[in-house]
Each structure stands twice: as C-alpha cells, then as structure tokens.
Amino acid sequence: MSYQGVIKRYRWYLPVSEKTPIITLQEGNTPLVLAQSLSKMPGKNVEVYLKYEGLNPSGSFKDRGMTVAVSKAKEERAQAVICASTGNTSASAAAYAAVALMKCVVLIPKGSIALGKLAQALIHGAQVIAIDGNFDDCLELVRQITKEYPITLVNSLNPNRIEGQKTAAFEICDVLAEAPDYHFIPVGNAGNITAYWKGYQEYKKIGRIKHLPKMCGFQAEGAAPIVRKQVVKDPQTLATAIKIGNPASWKAAEAARDESGGLIDLVSDQEIISAYKLLAAQEGIFVEPASAASVAGLLKLAKNNYFCKQKTINNKQTLRIVCVLTGHGLKDPERAIASIEQPKVLPANLKTVIKEIGL
Ligand SMILES: *Cc1c(COP(=O)(O)O)cnc(C)c1O
C-alpha cells in the first residue's frame, strides 16, 4: 500500500489504538540526502547526511508531532487546540486542525514570526493572536489557559508531540540500517532533540540498532539559555524558530546531551547565515535560518578539529553524521533576499545581456 503517514508506519511505537481517528497529511518519510560538499571534510572520512524535514506537508518537522497530537485530541473529543508558536507550530497546528474540523487558536510573538508561517496559519483558518511579548510569554499564557479551559495544548509540552517527532529517528535508522555516529540538531524549545533521543533509545532497546549517536544540539548565540545555564530574558537571533529564552524541555535536552556523550553549543547569527547560504549554493537545499544551525554547528566543530580527535564507533572507517534540516527556506523569503546580492537590472537589449552573462 502507498505511504500513509507516520502513525500508520510506526503505529506500534505510538500511543494510538484502533479507536484513534488518524488525522494525517502523509507527513514523514522525508529524504535523507548525502551531502556531497559537506562530506569532503579535511582530515577525516565522513559521510554527512541531511534529514530534509522541510519537505513535510506544512514545511517543517512539526507535522510529525502534530499528526499524533491532533489525532489524540480528536479521539478525546476536544473541540479546539491551542499553541504558542515561533511560527511553524502554528502553521502545522492550523493545517491539522483544518483536516480534523477543529478550532485552532495560536499565540505568536508580535513581529517575530516569518511571513510564510503567518500566511499559513491564517489561510488554514486559525484564530491568530499576536502578543506584545516574546515566545516565552506566549507559552506561559497558553499553559495557563489550557490549565483552566477545555482546549488542548499542542505545544511540545504535550507528550504526543514528542511521540510523533521521534519517528524521524526511526526513519534515519531504517535508511542507514544503524544509527549515525553523530546527530546534529538546532535547539529552540528543545522538544525535537528530546524526541530524537527517545526514538534512538527505543530502537536500541528493541535491537533495531546496536549503538546510539552522540547528540549535538545548537542554540543561537543570543538565545542560548542551555549553554549559558540561565534563562535568557530577551532572546535575540534572526533564526526566529529558535528564538527562545526558556525552553520547555530544558532538562530533557540536557539528559540527551549527557547520556549520549554529546554537547550543546551555540552558533552566531553570522555562522547560521553562512551555513544557510552554503546549504543553498552547494547542496541545493533551501532551508530557513534556524535549520542551518545544525550545519553551522557541524562546521564550527570541524573547524576546531573536533572530528579528528574522535574515534569511529565499532571501528568503522567512516564517521556518519546526520544534520537535521528542520524547516523549508520558502517560509522566510525575506531573509534570503536580505542575505544575498540583488539581481542586476538591464535594458531589454540583446548585446548588453550577452555581455553581462559573459558569453
Ligand atoms: C520548532 C523549530 C525548531 C526548534 O525545535 P525545538 O523542538 O523547539 O527545539 C528549529 N527549527 C525549526 C524550523 C522549527 O520549526
């Protein structure tokens, strides 16, 4: 049978039963692309794979968690879902709520979300409320609302979101027939690093893989509470999807780091934009800025000769590294335009155009 989404594919690992109505947009099953350019790292044999989550139906990995969260909400006869969002959670919640015929309310930080994401939430029919505050303020409001009123929270505080998102780790292991040696990932609210670590651990427990990857998470320099070991009151970064000062899954992210022998580090906005441009220009993959934090982290560690000092697991010759690319570049076209030289305008004259091309 044709592919029908992550719940059907991995239902034995997910909190669903025959009674659960499956609300799906056929999310998941995203490409694991061998990165030709990034794999040519000096001094070490590496294979770098890019898990291209921007190809999910709403353009980010949030859909994996949302299919489970909204299906469970439907099963529990919820009439409405609500989330705080830096953009992609609201886009995804709005799409899945539309399929489920449920009301969707989203709280977003005013002026801080990429245009494409706002467009998605609005066109899918969500009630969008912009809050004069940051993401952390929005999440606090949503926590209080869902404590007192009958509306289901679909942020990653909802364990069904983490359950759905762990399927990306399963897919990586199914394709590679083993876990990678390293797993690189952007960290915002820290739900996704938590989910991947849970997925890898579950696959190890049932013998589908023999070893676990080292989890390497990356926060933006101006929004790096886990790295700095303190809440960031006024987080700043152009990578809006990880502009979070007090991550909900802080403890779980630290556990993933420590149990796996990995690290959580920070990358500057400049490093993020360099990786963002490199992915587009050399690997042919257009991501949103936050997604490039994983690759920025990889380049930072490689520059510091981190991998030269590392032994391969199981004495293999080649280190296998997976970088998660969390969201699609088309969500934030303004950032792309701002990061690159603008097209030259010429008269409609054949000679001039040929000369400009350099023919
Ligand atoms: C949500 C999101 C993140 C951050 O994921 P967390 O689970 O909050 O750590 C990173 N990149 C993109 C594109 C996102 O949408």
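What comes next concerns the included structure. (Residues numbered from 1 in each chain as written. Predicted model: local features only at pLDDT ≥ 70, side-chain atom pairs only at ≥ 80, totals over all residues. Heavy atoms only, no water.)

### Comments concerning the sheet that holds strand E9 (residues 263-267)
Working definition: the strands of a sheet are paired by backbone hydrogen bonds and lie parallel or antiparallel to each other. The following threshold applies: The pairing criterion for strands is at least two bridges between them, as found by DSSP. Starting at the N terminus, helices and strands are each numbered in turn, a helix being any DSSP run of H or I of at least four residues and a strand any DSSP run of E of at least two. Geometry is summarised by axes, namely lines fitted to C-alpha atoms with helices restricted to the contacting stretch, and by angles between N-to-C directions that run from 0 to 180 degrees.
The strand order E1-E2-E10-E7-E8-E9 describes an open sheet built from six strands, whose pairing is mixed. Unpaired on one side and paired on the other, strand E1 (32-34) and E9 mark the two borders of the sheet. Strand-to-strand twist in this sheet, taken as the mean axis angle between neighbours without regard to direction, amounts to 25°. Across seven bridges, strand E2 (residues 46-52) lies against strand E10 (residues 319-325) in parallel orientation.

### What about the packing of aromatic side chains?
Selection rule: When the centres of two rings from Phe, Tyr and Trp lie within 6.5 Å, Trp using its six-membered ring, the rings pair. Their planes under 30 degrees apart give stacked, over 60 give edge-to-face, and anything left gives tilted.
A full pass over the atoms with the stated rule returns 13 aromatic pairs. Members of the aromatic cluster, each reached through a chain of ring pairs, are Tyr182, Phe184, Phe218, Tyr306 and Phe307.

### A word on the side chain of Ser339
Heads up, the condition is: Pairs of N or O atoms within 3.5 Å make up the polar contacts considered here, provided that, within protein, one atom can donate a hydrogen while the other can accept it, and that residues adjacent in sequence are counted only when both atoms are side-chain atoms.
With respect to the helices and strands, Ser339 occurs in the loop between helix H13 (333-338) and helix H14 (350-357). At 2.5 Å, the side chain of Ser339 and the backbone oxygen of Arg335 are in polar contact.

### Let's talk about the site of the ligand
Stated formally: In these notes, residues near a molecule or strand are those with any non-hydrogen atom within 4 Å of it. Note on areas: Shrake-Rupley, 1.4 Å probe, and residue coverage restricted to the protein chains presented here. Residue polarity is assigned by list, with Asp, Glu, Lys and Arg as charged and Ala, Val, Leu, Ile, Met, Phe, Trp, Tyr, Cys and Pro as nonpolar; anything else, Gly included, falls into the polar class.
Taken together, 16 residues lie near the ligand, and Lys62, Asn88, Asn189, Ala190 and Thr326 sit nearest. One of the backbone nitrogen or oxygen atoms of Asn189 is found 2.7 Å away from an oxygen atom of the ligand. Between the ligand and Asn192 there is a distance of 2.8 Å, counted from an oxygen atom to a backbone nitrogen or oxygen. Contact with the protein chains covers 97% of the free accessible surface of the ligand, which is 380 Å². In terms of residue class, the shell around the ligand is built from six nonpolar, eight polar and two charged.

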